[in-house]
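Listed here are the chains, written in short residue letters.
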There are 2 protein chains.
Amino acid sequence: MLSKSQIKFINGLRKKKQRTENQLFIVEGIKAVEDMILSKMPLHQLYATSLYNNELNIDQITLISEKELKMISQFSTPNQILAIFKIPQPDSHNHKDLTLVLDDINDPGNLGTIIRLCDWYDINLICSKNTVDCYNPKVVQATMGSIARVNICYQDLSEFLNTSERPIYGAVLNGSVVYQTSLPQKAILIMGNEANGISSAIEKYVQNPITIPQFGKNQNTESLNVATATAILCSEFKRFL
Amino acid sequence: MLSKSQIKFINGLRKKKQRTENQLFIVEGIKAVEDMILSKMPLHQLYATSLYNNELNIDQITLISEKELKMISQFSTPNQILAIFKIPQPDSHNHKDLTLVLDDINDPGNLGTIIRLCDWYDINLICSKNTVDCYNPKVVQATMGSIARVNICYQDLSEFLNTSERPIYGAVLNGSVVYQTSLPQKAILIMGNEANGISSAIEKYVQNPITIPQFGKNQNTESLNVATATAILCSEFKRFL
């Protein structure tokens with residue numbers, strides 16, 4: 001049974017301000033929630049209908065009706081459970097070979113896809129403060145559980161790039177052809193905003209501008225989707241390991 | 001000025017049945033529409049508000065009010081123009097080096113991203129009949145104009161694969177590591193459905209199963225997003241050319 005103030009509180013977590021203040025975020029659906037719990041994401045509270053088969057023996061569980069689940073879900077046909085997790089602290093001592101830096105990515109689907117890619121390729125992720133919040137429900141859903149396994153840090157990019165000692169690569173339209181570039185094992189790769197690319201304030205840190213060459217003769221083709229380009233470039237860093 | 005039946009007809013084109021019967025589809029927004037026209041997509045009719053600066057001197061133009069545009073747009077804040085184009089005939093004599101075959105891709109965003117990728121890498125696209133319709137408005141929007149420049153054909157995959165003479169590769173979870181596989185210039189690459197991968201009916205045509213290796217130690221990570229995986233594999237086919 002949910003009180004009015006509980007419903008208001010849960011729906012409030014769809015807003016970044018409320019998530020930040022409470023350091024909590026929402027995940028929906030059996031598979032996504034169980035995946036988070038198995039990946040040790042700290043659970044705050046779980047709401048489930050009587051249909052839910054609690055195989056993981058979760059303690060912090062509140063039984064609710066299907067009608068109540070609809071009132072707190074973002075979906076028109078929600079899938080039995082909705083969970084609230086604590087936002088984990090990024091681990092600044094977690095040094096992986098490749099660090100991906102996102103300069104103001106706006107689209108939740110793109111960020112979700114990129115987080116899933118970082119999980120697969122074992123990459124650390126640093127996002128500019130204006131990048132869409134990774135605990136936005138659309139991002140969380142698009143990561144397919146990967147958000148529990150990727151070390152994600154929001155910080156001032158200039159500050160990070162100023163103090164970093166690794167070679168800095170950046171995706172641009174007129175750089176060296178990536179297929180003909182020898183890439184180091186330990187590096188930083190910067191990807192820019194969907195519409196504007198890497199901002200001028202950050203561009204100056206790019207020591208090695210790289211480009212995915214275009215094969216079609218269609219000069220109108222502007223660019224690849226940023227998640228697509230990120231995938232291809234991360235694959236290039238990892239393929240010779 | 002739009003009549004009630006015109007409004008009904010245009011909105012009907014959001015459904016696949018109506019698009020197929022009339023061989024027409026919708027594109028919205030100045031950039032996307034102009035991009036289509038510059039890429040020689042055959043225009044059927046263009047609806048524009050008085051704000052639209054008709055720099056391309058388009059003939060088939062109907063002036064409408066902003067209120068009317070809202071009635072035929074899928075967006076809450078539409079961008080000055082909405083165009084109806086004729087669905088082009090796929091060119092079966094258009095033999096590019098790489099042909100990508102999609103076995104029941106469901107998500108419009110994924111298909112749109114893949115079409116944009118095919119444009120960039122100069123790849124032919126063959127979709128199974130159950131793949132989401134490429135003239136679905138969400139797909140069209142996600143292609144960012146690339147739909148005008150990619151040769152897309154919907155057909156029975158068994159029929160196509162039976163008669164094809166090129167080596168057939170397929171993305172699977174336990175194939176040869178793609179980074180250690182020598183890939184030919186001319187080939188067919190099959191990508192499967194988001195949830196189920198390549199169907200058993202199509203799997204038997206795969207002569208060369210290939211896999212993108214996982215680098216993280218997280219055994220829970222299931223897979224990459226299908227558009228991400230397609231990008232990485234297409235890049236592998238093209239990187240040595």
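To be clear, the structure that these remarks concern was listed above.
Source: prediction; values computed, not measured.

Visitor: Please clarify how the sheet that holds strand β10 (residues 208–211) of chain B should be interpreted in this entry.
Guide: Strand pairing in a sheet takes place through backbone hydrogen bonds and is either antiparallel or parallel in direction. Residue and element names in this part refer to chain B. Pairing is parallel in the open sheet, where six strands are placed in the order β7-β6-β5-β9-β8-β10. Two strands close off the open sheet at either side, each with one partner strand: β7 (152–154) and β10. Across the sheet, the mean angle from the axis of one strand to that of its neighbour is 35 degrees, orientation sign disregarded. Strand direction decides the pairing type here: strand β5 (residues 98–102) and strand β6 (residues 124–127), joined by four bridges, are parallel. In the sheet register, valine 101 faces β6, and the bridge partner there is isoleucine 126.

Visitor: Whenever I open this one, the interface of chain B and chain A confuses me. Can you help?
Guide: The parts lose accessible area when they come together, and the size of an interface is often stated as this lost area. Chain B puts 32 residues into the contact, and the matching count from chain A is 32 residues. Secondary-structure elements contributing two or more residues to the side of chain B that touches chain A are α3 (30–38), α5 (108–121) and α9 (226–238) of chain B. At seven residues, α5(B) tops the list of elements feeding residues into the side of chain B that touches chain A. Looking at side-chain class alone, the side of chain B that touches chain A contains 11 nonpolar, 13 polar and eight charged residues.

Visitor: Could you clarify how one ought to interpret the relation of the copies chain B and chain A in this entry?
Guide: Each of the two chain copies can be generated from the other by rotation about an axis followed by a shift along it. Placing chain B over chain A gives an RMSD of 0.0 Å and needs a rotation angle of 180 degrees, together with 0.0 Å of translation along the axis. In symmetry terms, the pair is related by a two-fold rotation axis. It is B:Ile232 whose C-alpha, among those of chain B, lies nearest the rotation axis, at 2.5 Å. The residues that chain B uses at the interface reappear at the interface of chain A in 100% of cases, marking a shared surface.

Visitor: Quick question: what am I supposed to make of the environment of A:Val150 here?
Guide: All names here are of chain A. Turning to its location among the elements, valine 150 is positioned in the loop between α6 (137–142) and β7 (152–154). When the 25 C-beta atoms within 10 Å are taken as the criterion, valine 150 is described as buried. A sequence separation of 30 residues divides valine 150 from tryptophan 120, and the C-alpha atoms of the two residues are 9.4 Å apart. Once residues lying within four places of it in the same chain are set aside, the contact partners of valine 150 are Ile115, Cys118, Asp119 and Leu125.

Visitor: Looking at this model, I keep getting lost on the pairing of strand β8 (residues 168–177) of chain A. Mind explaining?
Guide: Put simply, side chains in a regular strand alternate between the two faces of the sheet. All names here are of chain A. Alignment of β8 against strand β9 (residues 187–191), held across three bridges, turns out to be parallel. For glycine 170, the partnering residue across the bridge sits in β9 and is isoleucine 190. Pairing between β8 and strand β10 (residues 208–211): five bridges, direction parallel. The partner of serine 176 across the bridge, within β10, is isoleucine 210.

Visitor: Any chance you could explain the sheet that holds strand β1 (residues 24–28) of chain A here in plain terms?
Guide: All names here are of chain A. Reading across the sheet, the four strands line up as β1-β4-β2-β3 and stay open at both edges, with mixed pairing between neighbours. The open sheet terminates on both sides in strands that have one partner only, identified here as β1 and β3 (61–63). Strand after strand, the sheet turns through a mean of 20 degrees between neighbouring axes, direction not considered. Relative to β3, strand β2 (residues 43–48) is paired through three bridges, and the arrangement is parallel.

Visitor: When you look at the environment of B:Ile7 in this model, what are you seeing that I'm missing?
Guide: Considering the arrangement of structural elements, one finds B:Ile7 in helix α1 (residues 4–12). Those residues in contact with B:Ile7, other than ones at most four positions away along the chain, are B:Leu2, B:Met71 and B:Ile72.

Visitor: Would you take a moment to explain unusual backbone geometry for this structure?
Guide: Trans is the prevailing form of peptide bonds, just as negative phi is the prevailing case for residues other than glycine. At A:Gln23, a position not held by glycine, the phi torsion is positive, near 55 degrees. With respect to the secondary-structure elements, A:Gln23 resides in the loop between α2 (16–22) and β1. Using a count of 13 C-beta atoms within 10 Å as the deciding quantity, one classes A:Gln23 as partly exposed. For B:Gln80, which is not a glycine, the phi torsion comes out positive at approximately 65 degrees. Note that B:Gln80 resides in the loop between α4 (66–72) and β4 (81–86). Look at B:Gln80 and you get partly exposed, because 17 C-beta atoms sit within 10 Å.

Reading the values: rules and limits
Residues numbered from 1 in each chain as written. Chains lettered and ligands numbered in written order. Predicted model: local features only at pLDDT ≥ 70, side-chain atom pairs only at ≥ 80, totals over all residues. Pairing = 2+ DSSP bridges. Helix = DSSP H or I, 4+ residues; strand = E, 2+ residues; numbered from the N terminus. Axes fitted to C-alpha atoms, helices over the stretch in contact; angles between N-to-C directions. Contact = placed C-beta atoms within 7 Å. Nonpolar A, V, L, I, M, F, W, Y, C, P; charged D, E, K, R; others polar. Least-squares fit on C-alpha atoms with pLDDT ≥ 70 in both. Buried ≥ 20, exposed ≤ 12 C-beta atoms within 10 Å, placed from the backbone.

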